[in-house]
Amino acid sequence: MPGGRRPVRAALLTVAAAVLLTAGAAVPHRPDAAATVTATGGAPADAIAVTQDRLRSVPGDWASWAHLAVLHVERARGTGDPGDYARAEEAVRRSRALRPAGNVDALVADGMLANARHDFAAARDLATEALRLDGHDAAAQAVLADALTQLGPAGTATGAVQRLLDLRPGLSAYARGSYDLELRGDDAGAAELMGRALTAATTPADLGFCHAHLGDLAWNRGDLAGASAAYRAGLLADPHAAALRRGQARVLAAQGRTVEALKIWAALPPEAGNLLEHADLLRALGRDDEAAAQVALATAQHGLFTANGGVDGITGASLAIAAGDPDAAVAAARAEYDRRRHPDVIDAYAWSLHAAGRDAEALPLARAALAGGARPASHLYHLGVIAHALGDPAWRGHLGEALSRNPHFSPSGAADARRLLGVTA
């Protein structure tokens, strides 16, 4: 529809109550940074087909080209196919060629693509430019909030998230607010806001999204029953959501139902994060050859991601550690650290330095990863192991806290923490 602006994202439900993130707030990490790009699940293939049909009829519809780009980014989230990023890039290029100036839709779509590729500085700049054109564009504000969240450190995005809540309170804003609180250590506030997001959800994908994150919040605090209930509720709404099935696999493994867990892991989209978690469980079961095969797949998937314009030093560092190349891990993590200061990045840099035997350099970074307020079990475990290597007497407390927060945070990591502490499961 040339001349008119079509929202690049589905309209969000609104509610009357406003939320103040700075009131009693103090937000952790969620595994997939790209998951905060939108609050809904992957775009169904038919939505892409409908938009492509329209563009065949009206090839000058610049807004539909931007909308198509958004759909490709969202589909990539659901399928793990980074090839959709190139398709999104081409759709943005077509939109901007048709409307070079004042094209907020294309700027927002390009910002979402940049976030998905982990080019968060570019996403920030694109969102800022979109907001300069339309300061009330909630989609642009969401892209800005996501970029600032990932650039870090914790709390950097709070103002942007609050602005989104003011502009358009609803599922998208509540979900981002939940993550902001989580990164600053307010687990109860994060769960409360995600609960609000759930009340605003209407589609199966949105319901699944909210249940997945409620499950993750419960998982992170070691609440197996709560996590299991949330994932089951989500799967009733959206049986194919990868985030829900991933959570279900974690719970099953924690319950000792490893055959069922491995079956789910094997069927998940081949994202590097999923493959590395699958490998972790296999390694903990002594199935090292199968674990190595998953790491090889993750390496290939990471190569596809970077070949399609993505940058992910955290995964690069993890893969290098798995390959026994700590120097490459340090290089990858350091490069990511130079780009951004999200707690997960700081933790990855510290863990890479530990792998390289540089614990004295790693310790202050491991402490800094927890400075924002959140205390994920994996970060506490890394801090404890690094402190142990240095003979710092605080190591017992860190490992104990890691197991106290979530005794199942990692099959191999939790087992190693117990070994160091001399305790049995």
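Here the structure is shown first, and the text comes after it.
Residues numbered from 1 in each chain as written. Predicted model: local features only at pLDDT ≥ 70, side-chain atom pairs only at ≥ 80, totals over all residues. Heavy atoms only, no water.

**What about unusual backbone geometry?**
The amide bond that connects Gly-152 to the next residue, Pro-153, takes the cis arrangement and shows omega of -5 degrees. Considering the arrangement of structural elements, one finds Pro-153 in the loop between helix H6 (138-151) and helix H7 (158-167). One non-glycine residue with positive phi stands out, namely His-118, at about 70 degrees. Within the secondary structure, His-118 sits in the loop between helix H4 (104-116) and helix H5 (120-133). In this structure His-118 comes out as buried when scored by relative accessible area, which is 10%. (Helix = DSSP H or I, 4+ residues; strand = E, 2+ residues; numbered from the N terminus. Buried < 20%, exposed > 50% of the residue type's maximum accessible area, 1.4 Å probe, protein only.)

**Comments concerning the nonpolar core**
One finds Val-108, Leu-171, Met-194 and Cys-210 to be the most contacted residues of the largest nonpolar core, which totals 60 residues. Among the elements that take part in this core, H6 stands out by supplying 10 residues, more than any other. Within the second largest apolar cluster, 34 residues are counted, among which are Ile-346, Tyr-381, Ala-402 and Ala-414. (Core = buried A, V, L, I, M, F, W, Y, C linked by side-chain atoms within 4.5 Å.)

**Some points on the side chain of Thr-158**
Locating Thr-158 in the fold gives a position in helix H7. What makes Thr-158 buried here is its relative accessible area of 8%. A polar contact is formed between the side chain of Thr-158 and the backbone oxygen of Gly-155, at a distance of 3.2 Å. Side chain to side chain, Thr-158 and Asp-180 meet in a polar contact 2.8 Å long. (Polar contact = N/O pair within 3.5 Å; in protein donor to acceptor, adjacent residues only side chain to side chain.)

**Digging into the packing of helix H20 (residues 377-390) against helix H22 (residues 411-421)**
Two elements in contact, H20 and H22, have axes separated by 11 Å at closest approach and are oriented at 40 degrees. The angle between the axes of H20 and H22 places the two elements in the oblique class. The two elements H20 and H22 cross, and the hand of that crossing is left-handed. In this structure, H20 uses Tyr-381, Val-385 and His-388 to contact H22, whose residues at the interface are Gly-413, Asp-416, Ala-417 and Leu-420. When its residues are assigned to classes, the contact of H20 with H22 shows four nonpolar, two polar and one charged. (Axes fitted to C-alpha atoms, helices over the stretch in contact; angles between N-to-C directions. Parallel < 35°, antiparallel > 145°, perpendicular 65-115°, else oblique. Left-handed = near helix turned anticlockwise from the far one by under 90°. Contact = heavy atoms within 4.5 Å. Nonpolar A, V, L, I, M, F, W, Y, C, P; charged D, E, K, R; others polar.)

**Remarks on the pattern of salt bridges**
Considering all chains together, one arrives at 25 salt bridges under this definition. With a closest N to O distance of 3.1 Å, Arg-124 and Asp-125 form a salt bridge. On the basis of relative accessible area, Arg-124 is assigned to the partly exposed category, the value being 31%. Residue Asp-125 is classed as partly exposed on the basis of its relative accessible area of 44%. Where Arg-340 meets Glu-336, a salt bridge forms, and the shortest distance between an N and an O atom there is 2.5 Å. What makes Arg-340 buried here is its relative accessible area of 4%. Among the ionic contacts, a cluster of salt bridges with common partners joins Arg-75, Asp-81, Asp-84 and Arg-87. (Salt bridge = Lys/Arg side-chain N within 4 Å of Asp/Glu carboxyl O.)

**Some thoughts on the packing of aromatic side chains**
Going through the model one piece at a time under the given rule, you end up with four aromatic pairs. Ring geometry for Tyr-85 versus Phe-305: centroids 6.2 Å apart, planes at 75 degrees, classification edge-to-face. Of this pair, Tyr-85 sits in helix H3 (residues 83-98) while Phe-305 sits in helix H15 (residues 288-307), and the two are 220 residues apart along the sequence. Each member of the pair, Tyr-85 together with Phe-305, is buried. On the numbers, 5.7 Å between centres and 50 degrees between planes, the contact of Trp-351 with Tyr-381 is tilted. With Trp-351 in helix H18 (residues 343-355) and Tyr-381 in helix H20, this residue pair connects regions lying 30 residues apart in the sequence. (Phe/Tyr/Trp six-rings, centres within 6.5 Å; stacked < 30°, edge-to-face > 60°.)

**Side note on the packing of H18 against helix H19 (residues 359-368)**
The N-to-C vectors of H18 and H19 enclose an angle of 160 degrees; their axes lie 8 Å apart at closest approach. On the basis of their axis angle, the class for H18 and H19 is roughly antiparallel. Helix-helix and strand crossings are classified by hand; for H18 and H19 the assignment is left-handed. Residues Ile-346, Tyr-349, Ala-350, Leu-353 and His-354 of H18 lie in contact with H19, whose contacting residues are Asp-359, Glu-361, Ala-362, Leu-365, Ala-366 and Ala-368. A per-class count over the contact of H18 with H19 returns eight nonpolar, one polar and two charged.

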